[in-house]
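Below, each chain spelled out in residue letters.
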Amino acid sequence: MSDIDVKINQEALFAMQDLLQDQFLPTLEFCLTEFDRLHADLERDFDVNVTDTIRHAHSLKSNAAQFGAESLAQLAREIEHALGQGDSAHALSLKQALPAHISATKEQINKAI
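Figured I'd write up the structure that's included with this text. (Residues numbered from 1 in each chain as written. Predicted model: local features only at pLDDT ≥ 70, side-chain atom pairs only at ≥ 80, totals over all residues. Heavy atoms only, no water.)

This paragraph deals with the overall build of the chain. Along the chain, the regular secondary structure elements total 6 helices and 0 strands. Along its sequence from the N terminus, the chain presents helices and strands in the succession α-α-α-α-α-α. Radius of gyration (C-alpha) of the chain: 14 Å, near the 13 Å computed for a compact globule of 113 residues. Projected onto its principal axes, the C-alpha positions of the chain cover 40 × 30 × 20 Å. Looking at the chain as a whole, 40% of its 113 residues are labelled buried. Sequence-distant contacts in the chain: of pairs separated by 6 or more residues, those separated by 24 or more amount to 69%. Working note: accessible area of the chain is about 6,200 Å², and carbon and sulfur atoms make up 50% of it. (Helix = DSSP H or I, 4+ residues; strand = E, 2+ residues; numbered from the N terminus. Rg over C-alpha atoms; globule rule 2.2 N^0.38 Å. Buried < 20%, exposed > 50% of the residue type's maximum accessible area, 1.4 Å probe, protein only. Contact = heavy atoms within 4.5 Å. Areas by Shrake-Rupley, 256 points an atom, 1.4 Å probe, with all protein chains shown as cover.)

In this section: the packing of aromatic side chains. For any pair of aromatic rings, geometry is given as the distance between the ring centres together with the angle between the planes. Applying the stated rule across the entire model yields 1 aromatic pair. With a centroid separation of 6.3 Å and 40° between ring planes, the pair formed by Phe 24 and Phe 67 is classed as tilted. One end of the pair, Phe 24, is in helix H2 (residues 24-45); the other, Phe 67, is in the loop between helix H3 (50-66) and helix H4 (70-84), with 43 residues separating them in the sequence. (Phe/Tyr/Trp six-rings, centres within 6.5 Å; stacked < 30°, edge-to-face > 60°.)

What follows concerns the environment of Glu 78. Position of Glu 78 among the secondary structure elements: in helix H4. Look at Glu 78 and you get partly exposed, because its relative accessible area is 31%. Taking C-alpha positions, Glu 78 is 7.5 Å from Ala 91, a pair spaced 13 residues apart along the chain.

As for its position among the elements, Phe 35 is in helix H2. Phe 35 sits 37 residues away from Leu 72 along the chain, and the two C-alpha atoms are 9.4 Å apart. Ignoring any residue separated from it by four or fewer positions in sequence, one finds Phe 35 in contact with Leu 60, Asn 63, Ala 64, Ala 69, Leu 72, Ile 102, Thr 105, Lys 106 and Ile 109.

So, on to unusual backbone geometry. Although it is not a glycine, Gln 21 sits at a positive phi angle of roughly 50°. Inspection of the secondary structure assignment puts Gln 21 in the loop between helix H1 (10-20) and H2.

These figures come from the coordinates and say nothing about function on their own.
Written out as C-alpha cells, the structure is:
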C-alpha cells in the first residue's frame, strides 16, 4: 500500500485520545469499522440513490476528519462534491480508490497509536 499517499494528522488523533481517554480505543475501533460500513453503504447506493450516496460520503468525510485521517476525508469530500455537481463519472473514479485508501488509512492510524 506504499503507493497510496495517506495523510494522518497525528495532532488531531492524539487530541481525540486526550479527549476520550479510556474510551479512545473502543471509539477508534468503532470509527475504523464505520469507514468500512460507510464505504459499503456508498457502494450499495452509488447507482441507486445519489442523495443517500452523498450522505454516506459526507459521513465518511466527517468520521475520517474527526480522527485525523486527512487524506481519506479529502477523498470522501471529493466524492461528495463530484456527486453534488452531477459528475458521476469522476465520482466513480474516486470511489474506486476508496477500498485501498481505507485499508491504508486504518493501517497508518494503528501504527500511529
